[in-house]
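Chain by chain, the residues:
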Amino acid sequence: MTTTAPANRTLNVIRMQLLNKQTFVWLPLLILASSFAISMMIYGIIVFSVDDMDEPIYGGGSQAPLWYFLVVGVQALSFTFPFSQAMSITRREYFLGTYATAMLSSAAVAVTFLVGGLIERATDGWGIDGYFFYLPWIWDQGPFVALLMYFTIAMFAFAVGFWGTTLYKRFGTLWLVVTGMAIVVAIVLACLVVSLAGGWPAIGRWIVDLRPIALVGIVFALDLLFAGTSYLTLRRATP
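Residues numbered from 1 in each chain as written. Predicted model: local features only at pLDDT ≥ 70, side-chain atom pairs only at ≥ 80, totals over all residues. Heavy atoms only, no water.

Visitor: Honestly, the packing of aromatic side chains in this entry has me stumped. Any pointers?
Guide: The geometry of an aromatic ring pair is captured by the separation of the ring centres together with the interplanar angle, meaning the angle of the planes. A full pass over the atoms with the stated rule returns 21 aromatic pairs. A ring pair is formed by Phe156 and Phe226, whose centres lie 5.9 Å apart and whose planes are at 70°; its orientation type is edge-to-face. Of the two residues, Phe156 sits in helix 7 (residues 143-171) while Phe226 sits in helix 10 (residues 212-234), which places them 70 residues apart along the sequence. By relative accessible area, Phe226 is classed as buried at 17%. Each member of the aromatic cluster is reached from another via a ring pair, and the members are Phe36, Phe113, Trp126, Phe132, Phe133 and Tyr150. (Phe/Tyr/Trp six-rings, centres within 6.5 Å; stacked < 30°, edge-to-face > 60°. Helix = DSSP H or I, 4+ residues; strand = E, 2+ residues; numbered from the N terminus. Buried < 20%, exposed > 50% of the residue type's maximum accessible area, 1.4 Å probe, protein only.)

Visitor: How should the side chain of Thr80 be read in this particular structure?
Guide: Residue placement: Thr80 occurs in helix 4 (residues 69-86). A distance of 2.5 Å separates the side chain of Thr80 from the backbone oxygen of Ala76, its partner in a polar contact. A polar contact of 2.8 Å, which involves the side chain of Thr80, links it to the side chain of Tyr94. If sequence neighbours within four positions are ignored, Thr80 has contacts with Met16, Gln17, Gln75 and Tyr94. (Polar contact = N/O pair within 3.5 Å; in protein donor to acceptor, adjacent residues only side chain to side chain. Contact = heavy atoms within 4.5 Å.)

Visitor: Would you mind going over unusual backbone geometry with me for this structure?
Guide: Most peptide bonds take the trans configuration, and most residues that are not glycine carry a negative phi. The residue Trp126 is not glycine, and still its phi comes out positive at about 60°. Looking at where Trp126 falls in the secondary structure, it is placed in helix 6 (residues 125-129). Phi angles above zero are rare outside glycine, and Asp129 is one such case at about 60°. Topologically, Asp129 is positioned in helix 6.

Visitor: Teacher, can you tell me more about the environment of Arg170 here?
Guide: Examined against the element boundaries, Arg170 turns out to sit in helix 7. In this view, Arg170 contacts Thr233, Arg236 and Ala237; residues no more than four positions away in its chain are not counted. Within the local environment of Arg170, its side chain forms a polar contact with the backbone oxygen of Arg236, the two atoms lying 3.3 Å apart.

The quantities given are spatial measurements derived from coordinates; they are silent on function.
Okay, here's the thing in structure tokens:
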């Protein structure tokens, strides 16, 4: 009697997640393409409506496909976790396979942003000085750091969605809401303490001096925190 190796079962989780390509492939691409098209139309309207336009145009539409990964985190667990347990896949294998799938999808989006940014730099913003992928501060330390930034932000959004869904699966709606409210209260109290201590100028200077690679490190640490918490919660979650 033969058994399937853990590594193979983890690969099976990746295949299972990608059976529904809409979640990990088509919707991110659709949101990216739609956001890009709308941004370019807005840029065109601005360029042809304003005389002597001599400032580059930057928009926030590029955030849409990155933050969609929050929805990916929710759907990845909700749609496939019960099915995985029926296949006798361990929670560890399911977690590793699902996170690997998210990393592949995030990497694909990050590479798309990188290539788009390089094209925009080479063409002076598609010939109209309009930039969707290329944002100067993110690219300040070079293309590789920009690639890491896009990847870690997409993974952060996924990690938050996945973490919230593991809480729901383990404890139910009540504790999910309570946890969310507790986080909001903690943030408000922290802001109050900073205000009472007169610390906002120092925080403002820290934000202004923050380099892209430092932000990548901070976001990556948050990714690990949410991933670790999600795994511990998932180990006792019910399908």
